[in-house]
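Here is how the chains run, residue by residue.
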Amino acid sequence: MTATVGSKLVLRASKVTKRFGGLVAVREVDFEIPEGAIVSLIGPNGAGKTTFFNVIAGLMDPSGGFVEFRGRRMIARPIRTFLEPVIWLLPAALLFALAAIVANRGSSQEVIAGFLLLAIFALGAMLLAAIVRPPWYNGLLRRLGIFRSARPNDMVVAGVGRTFQNIRLFPNMTAMENVLVGMHTKLKSTPVDAFFSTNKQRREEITAAAHVEELLELVGLPGRAPELAKNLPYGDQRRLELARALGSEPVLLLLDEPTAGMNPRETTQMTELISRLPQELGLSILLIEHDMRVVMGISDRITVLDHGERIAEGPPDVIRRDPKVIEAYLGTPAA
């Protein structure tokens, strides 16, 4: 390994459980990712890897346990969420009450109508805030002891990027446009800046385009920015998806079978690229991959799941010889 693995944790999962009715897909899994490490999550089909992966990414809430990212609890079961509707309704209720008071005092119809319009606006603004969850709204929830798990977009803003097992590019957009989509959380220009084409917006657009070119070169796609994603070969589409994930400047990169469907040459190139990322970009990587040559070749540590439970964890040499891992993949020898 070329990267230096730190002792500080980027992500820590504790007793994570996910149930679907009576089916327990993940059962009390403890999991850690140190800074600068490439950690792989493996297991036979149906082991719970994708479910656990999706919990970490914010795609589903756990049934138990929690996930901390950079020391902050991000994923857990909701707490006191029954109080949240009170936040939505309280400003509007106060304004309606004021409207009733001024009406009883004989104020003009214009004043009363003004309070009613303000109440409707306040209700709409609070409902919009509940959807968007800006920082002030999340801070208010924390002060009231209300907890909701981070959503996928919250995890991206916090510093988690990911790719998908099945390629999810925008096929009719260029390579540059696809990567720019991944960069949107880092761009500061507003719709007003874009409408008036302000100096701020133009400078940011030039800077973003230059950064896209750097990312495309990093993943092995120099000069391909103007090409439509659907016109790229399969292996290059995989590289483009990786570049898009890197566009959000993640601290932790989640890779879901990044070499799936690749030929041996493409697999080797992608493996070499992934192994360079912790050193060159200073990020950590969580990898799900079925190709054991890839996993054993680049992982600092491997965690093995089977039937939703962690059965082994350690460096590649230890996992390769672990009897429980061999049994999970190959079964128990006949008596």
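As the structure is a computational prediction, the values presented were derived from the model and not from experiment.

Chemist: I keep staring at the sheet that holds strand S5 (residues 72-76) and nothing clicks. Help me out?
Modeler: The strands that make up a sheet are held in pairs by hydrogen bonds between backbone atoms, and each pair lies either parallel or antiparallel. The strand order across the open sheet formed by four strands is S2-S1-S4-S5, and the pairing between neighbours is antiparallel. Edge positions in the sheet fall to strand S2 (23-34) and S5, since each of these pairs with one other strand and no more. On average, each strand axis in the sheet is tilted by 20° relative to the strand beside it, whichever way the strands run. Bridge analysis of strand S1 (residues 9-20) against S2 gives eight bridges, and the strand direction is antiparallel. The partner of Arg12 across the bridge, within S2, is Glu32.

Chemist: Just to check I follow, could you spell out the packing of aromatic side chains for this structure?
Modeler: Counted under the stated rule, the structure contains three aromatic pairs. Between Trp136 and Tyr137, the ring centres sit 5.9 Å apart and the planes meet at 85°, which makes this aromatic pair edge-to-face. According to the relative accessible area criterion, Tyr137 is buried, its value standing at 0%. When the centroid spacing of 5.0 Å and the interplanar angle of 85° are considered together, the rings of Phe195 and Phe196 count as edge-to-face. Assessed through its relative accessible area of 68%, Phe195 is described here as exposed. For Phe196, a relative accessible area of 57% puts it in the exposed group. The ring of Phe20 has Lys18 lying over it, and the distance from NZ or CZ to the ring centre is 5.4 Å. For Arg73, the ring lying beneath its charged end belongs to Phe66, and the centroid distance is 3.7 Å.

What counts, and at which threshold
Residues numbered from 1 in each chain as written. Predicted model: local features only at pLDDT ≥ 70, side-chain atom pairs only at ≥ 80, totals over all residues. Heavy atoms only, no water. Pairing = 2+ DSSP bridges. Helix = DSSP H or I, 4+ residues; strand = E, 2+ residues; numbered from the N terminus. Axes fitted to C-alpha atoms, helices over the stretch in contact; angles between N-to-C directions. Phe/Tyr/Trp six-rings, centres within 6.5 Å; stacked < 30°, edge-to-face > 60°. Buried < 20%, exposed > 50% of the residue type's maximum accessible area, 1.4 Å probe, protein only. Lys NZ or Arg CZ within 6 Å of the ring centre and 35° of its normal.

Bear in mind that shape data such as this cannot, by itself, settle questions of function.
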